[in-house]
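Here is what each chain is made of, one letter per residue.
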Protein chains: 2
Amino acid sequence: MSSPVTSPAAERPEGERVGAGPGFPVVAVVGGGQLARMLQPAAVELGVGLRVLATGVGESAALVVPDVHLGAHTDLDALRSAAAGAAALTFDHEHVPTAHLRTLAAEGVAVRPGPDALVHAQDKLVMRRRLTDLGVPCPRWAAVADADALARFGEDVGWPVVLKTPRGGYDGKGVRVLADAAAAHGVQDWFDATDGPLLAEERVAFVRELAVLVARSPSGQAAAWPVVETVQTAGVCSEVTAPAPDLDEDVAARAVDVALRVAGELGTTGVLAVECFETPDGQVLVNELAMRPHNSGHWTQDGATTSQFEQHLRAVLDLPLGSTRARAPWTVMVNVLGSSRPDRAAEDPAQMYRSYLHVMARDPGVKVHLYGKSPRPGRKLGHVTAWGDDLDDVRARARHAAAFVAGEVDE
Amino acid sequence: MSSPVTSPAAERPEGERVGAGPGFPVVAVVGGGQLARMLQPAAVELGVGLRVLATGVGESAALVVPDVHLGAHTDLDALRSAAAGAAALTFDHEHVPTAHLRTLAAEGVAVRPGPDALVHAQDKLVMRRRLTDLGVPCPRWAAVADADALARFGEDVGWPVVLKTPRGGYDGKGVRVLADAAAAHGVQDWFDATDGPLLAEERVAFVRELAVLVARSPSGQAAAWPVVETVQTAGVCSEVTAPAPDLDEDVAARAVDVALRVAGELGTTGVLAVECFETPDGQVLVNELAMRPHNSGHWTQDGATTSQFEQHLRAVLDLPLGSTRARAPWTVMVNVLGSSRPDRAAEDPAQMYRSYLHVMARDPGVKVHLYGKSPRPGRKLGHVTAWGDDLDDVRARARHAAAFVAGEVDE
């Protein structure tokens, strides 16, 4: 009779590290979401081990990684335990308290990116101050302590303005667009509930959004993928085209230069995503920073010689970086978001499997990547990539496949 | 404090299947070697679950799959337990007793490939008889019961002849090349130790070896990858070039036709590898069959739209098959075999990690795939792929990287 129990670390021979081959390192990642999950295929190929600190065994990454620690990212002991014996500690989100990271670093944990870099992805005010000091083009901004200050900022740069909570926001959460002074005075409760000032920014009249993905290793090697065009829907990344179509070469070079400079000046380790606005006059203004694999880089799984997930592992281990070259003239990535159609019952996840089958039958060349999550309206459940020589065709294929898997279309 | 124990199946909510997203199936694979291991990245991307029946927690696949059952492939109860609740049971080797597979199939397990197909990959005499009945070109062969019969076969087809044990051989094991009648009489002990006749085959004077990889689903859909050239060293696959250089189009078409016909006639499910000899007169003779992902198909991980591992999972789940199109004009795969150099200490596996680092620094475009195994002379430890427009360059890069990781070269 076989033992029906998965292989717990406790049963393994002393000194054998789950997931890693002998002599090979383990990377611990804080967070059990899809970004941690997508590190696992890369870790398997590289022969390095992946350990995940997750809050539950049903989380996206915990489903596919043997070495799962259960605990909260706010619990210093949980972080310590996850980092023990690992060659590097990294993240699938930005929410670990900076103080904990400083403690871990002081205790000898290779925190990558380190707290002094990561704080720029955790705190948007810190980020804006630093980028401005570096002369990096940004939207006009101000730290505003109350509704009156916000109203004055709006009068100064023009309405509407964007108000952001410096910490904790993601995917459009913690962001409000305010039309006028009256609207500004209507959010005094937000100031009251927040410790410290909020970040006010001009609303940039952009032509489109771009993202520059770079990776940097502790020894300072850095590499950039081609600049991509991103489309956000309701604050969530919904589509990425690589490379950004019709992007002026000088603008692209400047954008890459800014991203590499930010990576170097901030001392990031691993993947850094720089989300930007392209303005009508050819400026590229930095919107957000993320210091981890990023939705704008999912296209690299199928579209680049080295995926962002492989590169992130290589970077945090201080292994030499891989080629970031595109593998096709065009690669398009479209997110699969949970449908809000009432007939698309969230209670029947098997419906997604049937859609999946249909998409595979219709287009043998698209790749559907799924995260093992239960469908909920608007939830990121997966993504689709397609690639080829003809952008219109590639985009249509990726869009249709994603919409079909999500249940937004029936044919 | 976090729980330092990996997520055992027993702790998971009732009905939740480790590895699979809700509503998605689990595939159980018998065997914990590198072929099972390389199914895991594909399973993660597809969102399906992978369960492995391994003999130890340190096995290649057991290191990277949460859902590990411990047991022997010869133990019917272990097989039953591994198959319970899985949508399909498949294999990373051919050694499961046919009788067990028949029992499982009778009990309702979706054994894929089924026992009636798999027996042709398990028993070389059964395979030769069937292929000959189908009119598939094979080397001349005979079932020989003793040394005298073997000597008569040699006199008939010409020396040397190849003698094979019908069951249990792999990577050159269970194969002897006999130079003459005296050598034939020297292996009578092999006949004495074997239940039933052995397989004698003419030694084909081949130009080169080819392999045709196809996949077939239970509903009969089939797809073939481009025909590749393989190089065997001491009976072990060492290098694969995709597509086979300078292969006559008609010869290629005939080879693919034979492989698809064999898949259909035998009713295989999943990947079928047909290893062939190309003769000076343009014949393609079938050497061996394997009904699982195969070393000759590792190039597809980086070189084809759909890898053999993804395709195998799609096929055994009866999902529509993916495109088998090559992604580059040339892709070369070279195996990393454990070195027999005395200064390359098997006791220091970290040496391989240092070589690995060097290879990454030298060539950012190669992909090194490692299996998490301890180095031993001649052992398959991993493989390297490279791709591009210039075959000589691609081959040189892949060969150098593999030799360096293996420790065969120092510069």
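Residues numbered from 1 in each chain as written. Chains lettered and ligands numbered in written order. Predicted model: local features only at pLDDT ≥ 70, side-chain atom pairs only at ≥ 80, totals over all residues. Heavy atoms only, no water.

## Section: the sheet that holds strand 5 (residues 141–144) of chain B
Residues and elements named next belong to chain B. Definition in use: By this definition, two strands are paired if DSSP reports at least two bridges between them. Helix and strand assignments come from DSSP, with helices taken as H or I runs of at least 4 residues and strands as E runs of at least 2, each series counted from the N terminus. For helices, the fitted axis covers only the stretch in contact; all axes are lines through C-alpha atoms, and the angles between them, taken along N-to-C directions, range from 0 to 180 degrees. Contact between two residues is taken to exist if any of their heavy atoms lie within 4.5 Å; hydrogens are not considered.
Strands sit in the order 5-8-6-7 across an open sheet of four strands; the sheet is antiparallel. Edge positions in the sheet fall to strand 5 and strand 7 (175–178), since each has one partner strand and no second. Strand after strand, the sheet turns through a mean of 25° between neighbouring axes, direction not considered. Of the strand pairs in this sheet, strand 5 and strand 8 (residues 198–202) are connected by four bridges, and their pairing is antiparallel. By the bridge assignment for strand 8, Trp141 is matched with Glu201. With respect to the sheet, helix 5 (residues 124–133) is in contact with strand 5, strand 6 (161–164) and strand 8, its orientation differing from that of strand 5 by roughly 140°.

## Considering the packing of helix 4 (residues 115–122) of chain A against helix 5 (residues 124–133) of chain A
Residues and elements named next belong to chain A. Using the following cut-off: Any angle from 65 to 115 degrees is called roughly perpendicular, while one under 35 is roughly parallel, one over 145 is roughly antiparallel, and all others are oblique. Note that Gly is not counted as nonpolar here; it falls among the polar residues with everything else outside the nonpolar set of Ala, Val, Leu, Ile, Met, Phe, Trp, Tyr, Cys and Pro and the charged set of Asp, Glu, Lys and Arg.
Contact pair helix 4 / helix 5: the axes reach a minimum separation of 5 Å and the direction vectors enclose 105°. Our classification of the angle between helix 4 and helix 5 gives roughly perpendicular. Contacts between helix 4 and helix 5 pair Val119, His120 and Gln122 from the former with Lys124, Val126, Met127 and Arg130 from the latter. Grouping the amino acids of the contact of helix 4 with helix 5 by side-chain chemistry returns three nonpolar, two polar and two charged.

## Section: the interface of chain B and chain A
Here is the rule: What gets called buried area is simply the loss in accessible area from a 1.4 Å probe that two parts show on being joined, summed for both. Each salt bridge in this description consists of a side-chain nitrogen of Lys or Arg and a carboxyl oxygen of Asp or Glu lying within 4 Å of one another. Here a polar contact is taken to be a pair of N or O atoms separated by no more than 3.5 Å, where protein atoms must pair a possible hydrogen donor with a possible acceptor and residues adjacent in sequence count only if both atoms sit in side chains.
The interface of chain B with chain A comprises 78 residues on the first partner and 77 residues on the second. Summed over both sides, the interface between chain B and chain A buries roughly 6,500 Å², with carbon and sulfur atoms accounting for 58% of that surface. On inspection of chain B and its partner chain A, the count reaches two salt bridges. The closest approach of N and O atoms between Lys367(A) and Glu310(B), which form a salt bridge, is 3.0 Å. At the boundary of chain B and chain A, one finds 20 residue pairs in polar contact (both at pLDDT 80 or more). Of all the secondary-structure elements, those providing two or more residues to the side of chain B that touches chain A are helix 1 (34–46), strand 3 (67–70), helix 2 (76–83), helix 10 (300–303), helix 11 (308–316), helix 12 (350–362) and strand 16 (367–370) of chain B. The leading source of residues in the side of chain B that touches chain A is helix 12 of chain B, at seven residues. Classifying every residue of the side of chain B that touches chain A gives 42 nonpolar, 22 polar and 14 charged.

## As for the packing of helix 1 (residues 34–46) of chain A against helix 1 of chain B
Put simply, the rule reads: It is the rotation of the near helix from the far one that decides the hand of a crossing: anticlockwise by less than a right angle makes it left-handed, clockwise makes it right-handed.
Where helix 1 of chain A contacts helix 1 of chain B, the two axes come as close as 9 Å, and the packing angle between them is 160°. It follows from the interaxial angle that helix 1 of chain A and helix 1 of chain B lie roughly antiparallel. When the axes of helix 1 of chain A and helix 1 of chain B are compared, the crossing they make is left-handed. Of the residues in helix 1 of chain B, those touching helix 1 of chain A at Arg37(A), Gln40(A), Pro41(A), Val44(A) and Glu45(A) are Arg37(B), Gln40(B), Pro41(B), Val44(B) and Glu45(B). Split into classes, the residues belonging to the contact of helix 1 of chain A with helix 1 of chain B amount to four nonpolar, two polar and four charged.

## Some thoughts on the pairing of strand 15 (residues 330–337) of chain B
Residues and elements named next belong to chain B. Quick note on the threshold: Here's how the labels work: a residue is buried when its accessible area is under 20% of the maximum for its type, exposed when over 50%, partly exposed in between, all with a 1.4 Å probe on protein chains only.
Judged by how many residues are buried, strand 15 sits mostly within the fold: seven of eight residues are covered. The pairing of strand 12 (residues 236–242) with strand 15 spans four bridges and is antiparallel. From the neighbouring strand, Ala242 faces strand 15, where its bridge partner is Thr331. Bridging between strand 15 and strand 17 (residues 380–388) involves eight bridges; their strand directions are antiparallel. Note on strand 17: the bridge partner recorded for Asn335 is His383.

## Some thoughts on helix 5 of chain B
Residues spaced three or four apart along an α-helix face the same direction, because each turn holds 3.6 residues. All names here are of chain B. Using the following cut-off: Each C-beta atom gives one direction from the helix axis, and the arc is the one those directions make.
Every buried residue belonging to helix 5 is among Lys124, Leu125, Met127, Arg128 and Leu131, and all of these are buried. Buried residues of helix 5 fall within an arc of 160° about the axis and therefore sit on the same side. Two to three positions downstream of the cap, the backbone nitrogen of Leu125 sits 2.9 Å from a side-chain oxygen, assigning the N-cap of helix 5 to Asp123. Gly135 sits one or two positions beyond helix 5 and adopts a positive phi of about 75°.

## Considerations on the relation of the copies chain B and chain A
What counts, and what does not: In superposing the copies, a least-squares fit is computed on C-alpha atoms, taking residues whose pLDDT is at least 70 in both.
If you rotate chain B by 180° and push it 0.0 Å along the axis, it lands on chain A with an RMSD of 0.0 Å. Such a combination of turn and shift is consistent with a two-fold rotation axis. Comparing contact sets, 99% of the residues at the interface of chain B also lie at the interface in chain A, consistent with an isologous, same-surface contact.

## Concerning the pattern of salt bridges
Tallied over the full model, the rule gives 38 salt bridges over all chains. Note that Arg167(B) and Asp123(B) form a salt bridge whose closest N and O atoms lie 3.5 Å from each other. Highlighted residues: Arg167(B) in the loop between strand 6 and strand 7 and Asp123(B) in the loop between helix 4 (115–122) and helix 5, separated in sequence by 44 residues. Its relative accessible area of 12% is what places Asp123(B) among the buried residues. Three or more residues joined by partner-sharing salt bridges are found here, namely Lys124(A), Arg128(A), Lys164(A), Glu201(A) and Glu288(A).

## Examining empty space enclosed by the protein
Stated precisely, the cut-off is as follows: Method remark: on a 1 Å grid restricted to protein atoms, a set of points is classed as a cavity if a 1.4 Å probe fits but cannot get out and as a pocket if it is open with protein on both sides within 12 Å along at least five of seven lines; lining residues have an atom within 4 Å of a point. Grid points are joined across faces, edges and corners, and a volume is the space filled by probe spheres set on the points.
Taken as a whole, this structure holds seven cavities of 30 Å³ or more when the rule is applied. There is about 790 Å³ of room inside the largest cavity. Looking at the lining of the largest cavity residue by residue, the class counts come to 19 nonpolar, twelve polar and eleven charged.

## Thoughts on the UniProt feature "binding site: ATP" (unreviewed entry) in chain A
Residues and elements named next belong to chain A. In plain terms, the rule: UniProt positions are given in the numbering used here, feature names are shortened, and annotations may be inferred rather than shown by experiment.
The positions UniProt marks with the feature "binding site: ATP" (unreviewed entry) are Lys124, Lys164, Glu201, Glu202, Arg203, Val204, Glu209, Asn287 and Glu288. Within the fold, Asn287 resides in strand 14 (residues 284–290). According to the relative accessible area criterion, Asn287 is buried, its value standing at 10%. Leave out the neighbours within four places in its chain, and Asn287 touches Met127, Arg128, Lys164, Glu201, Glu209, Glu275, Cys276 and Phe277. A polar contact is formed between the side chain of Asn287 and the side chain of Lys164, at a distance of 3.1 Å. Note that Glu288 resides in strand 14. Since its relative accessible area comes to 16%, Glu288 is described here as buried. In contact with Glu288, other than residues within four places in its own chain, are Lys124, Met127, Lys164, Ala273, Val274 and Glu275. Within the structure, the side chain of Glu288 is placed 3.1 Å from the side chain of Lys164, a separation counted as a polar contact.

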